[in-house]
Amino acid sequence: MKVIVGSDHGGFNLKNTIVSELKEKGVDITDFGPESADSVDYPDFAKPLAEKVAAGEFDKGILICGTGIGMSISANKVKGIRCALVHDTFSARATREHNDSNILAMGERVIGKGLASDIVDIWLNTEFEGGRHEKRVRKIEE
């Protein structure tokens, strides 16, 4: 599985933590930036990252800003993206099982590193159930 991770300045520290943890676990990870905590505009990272996921260059993406809201709104503007804003483990599992989300958004100012790590692990390792959920995902795509 190829995963791409990006943030803005508000999610910079959590992005670095997640990237390091995933590298340690042997995940094929790409750090999309930014390279510092200097102020940047979240759409400048969310949209191109989402386009790469939508194009199939990466299997999944993770976006982190202060709240996760701006990143999720921006990413969901890209056709083929189902970006889920998640701040708990139940939602991390449900959005993969039911919505086949392909980008995870989180907020560094909302959750701690431990919970974020748990969310990422659950989200990356939960499969889409398909079945009754398949037609709903198709309707989203339309």
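This report concerns the structure included in the present document. (Residues numbered from 1 in each chain as written. Predicted model: local features only at pLDDT ≥ 70, side-chain atom pairs only at ≥ 80, totals over all residues. Heavy atoms only, no water.)

**A short note on the packing of helix H4 (residues 89-99) against helix H5 (residues 113-125)**
To characterise two packed helices, one gives the angle between the axes of the helices and the distance between these axes.
Part 1 of the argument: It is the contact of H4 with H5, at a shortest axis distance of 8 Å, that shows an interaxial angle of 20°. In terms of orientation, H4 and H5 fall into the roughly parallel class. Pair H4 / H5 crosses with right-handed handedness. Contact residues: Thr89, Ala92, Arg93, Thr95 and Arg96 in H4; Leu115, Asp118, Ile119, Ile122 and Trp123 in H5.
Part 2 of the argument: When its residues are assigned to classes, the contact of H4 with H5 shows five nonpolar, two polar and three charged. (Axes fitted to C-alpha atoms, helices over the stretch in contact; angles between N-to-C directions. Helix = DSSP H or I, 4+ residues; strand = E, 2+ residues; numbered from the N terminus. Parallel < 35°, antiparallel > 145°, perpendicular 65-115°, else oblique. Left-handed = near helix turned anticlockwise from the far one by under 90°. Contact = heavy atoms within 4.5 Å. Nonpolar A, V, L, I, M, F, W, Y, C, P; charged D, E, K, R; others polar.)

**Some words on the environment of Ala46**
Part 1 of the argument: Here Ala46 shows up in helix H2 (residues 43-54).
Part 2 of the argument: Sequence separation between Ala46 and Lys79 is 33 residues; the distance between their C-alpha atoms is 13 Å.
Part 3 of the argument: Setting aside anything within four residues of it in sequence, one finds Ala46 in contact with Leu63, Met71, Ser74 and Ala75.

**Digging into empty space enclosed by the protein**
Part 1 of the argument: One pass over the full model with this rule turns up one cavity of 30 Å³ or more.
Part 2 of the argument: Estimates place the volume of the largest cavity at around 30 Å³.
Part 3 of the argument: In terms of lining residues, the largest cavity is bounded by Ile18, Glu21, Leu22, Lys25, Ser117, Val120 and Asp121.
Part 4 of the argument: Elements that contribute at least two residues to the lining of the largest cavity include exactly helix H1 (12-24) and H5. (1 Å grid on protein atoms, 1.4 Å probe; cavity = no way out; pocket = protein on both sides within 12 Å on 5 of 7 lines; lining within 4 Å. Points joined across faces, edges and corners; volume = space filled by probe spheres on them.)

**Quick look at the packing of H1 against H5**
Part 1 of the argument: Relative orientation of the contacting elements H1 and H5 amounts to 50°, with a least axis distance of 10 Å. Classified by the interaxial angle, the pair formed by H1 and H5 is oblique. Crossing of H1 over H5 shows right-handed handedness. In this structure, H1 uses Leu14, Thr17, Ile18, Glu21 and Leu22 to contact H5, whose residues at the interface are Lys113, Ala116, Ser117, Val120 and Leu124.
Part 2 of the argument: Split into classes, the residues belonging to the contact of H1 with H5 amount to six nonpolar, two polar and two charged.

**Some remarks on the packing of aromatic side chains**
Part 1 of the argument: Evaluation of the coordinates by the stated rule reveals one aromatic pair.
Part 2 of the argument: Taking the centre distance of 6.3 Å and the plane angle of 85° together, the rings of Phe32 and Phe45 count as edge-to-face. Within this pair, whereas Phe32 is found in strand E2 (residues 28-33), its partner Phe45 is found in helix H2, the two being separated by 13 residues in sequence.
Part 3 of the argument: When its relative accessible area of 24% is taken as the criterion, Phe32 is described as partly exposed.
Part 4 of the argument: A cation sits over an aromatic face here: Lys2 above Phe58, 5.2 Å from the ring centre.
Part 5 of the argument: In this structure, Lys60 packs its charged tip against the face of Trp123, placed 5.4 Å from the ring centre. (Phe/Tyr/Trp six-rings, centres within 6.5 Å; stacked < 30°, edge-to-face > 60°. Buried < 20%, exposed > 50% of the residue type's maximum accessible area, 1.4 Å probe, protein only. Lys NZ or Arg CZ within 6 Å of the ring centre and 35° of its normal.)

**Some words on the nonpolar core**
Part 1 of the argument: Residues Ile18, Leu22, Ile62, Leu104, Met106, Ile119 and Val120 are the most contacted members of the largest nonpolar core, which totals 21 residues.
Part 2 of the argument: Listing elements by their share of this core, those giving two or more residues are strand E1 (2-7), H1, strand E3 (60-65), strand E5 (103-107) and H5. (Core = buried A, V, L, I, M, F, W, Y, C linked by side-chain atoms within 4.5 Å.)

**Concerning H2**
Part 1 of the argument: Between its terminal C-alpha atoms H2 stretches 16 Å, which fits the 16 Å expected from twelve residues at 1.5 Å a residue.
Part 2 of the argument: Within H2 the residues assigned to the buried category are Phe45, Ala46, Leu49, Ala50 and Val53. Down the axis, H2 shows its buried residues gathered within 115° of arc, on one side only.
Part 3 of the argument: Looking one or two residues beyond H2, the residue adopting positive phi is Gly56, at roughly 85°. (Expected span 1.5 Å × (residues − 1). Arc of directions from axis to C-beta.)

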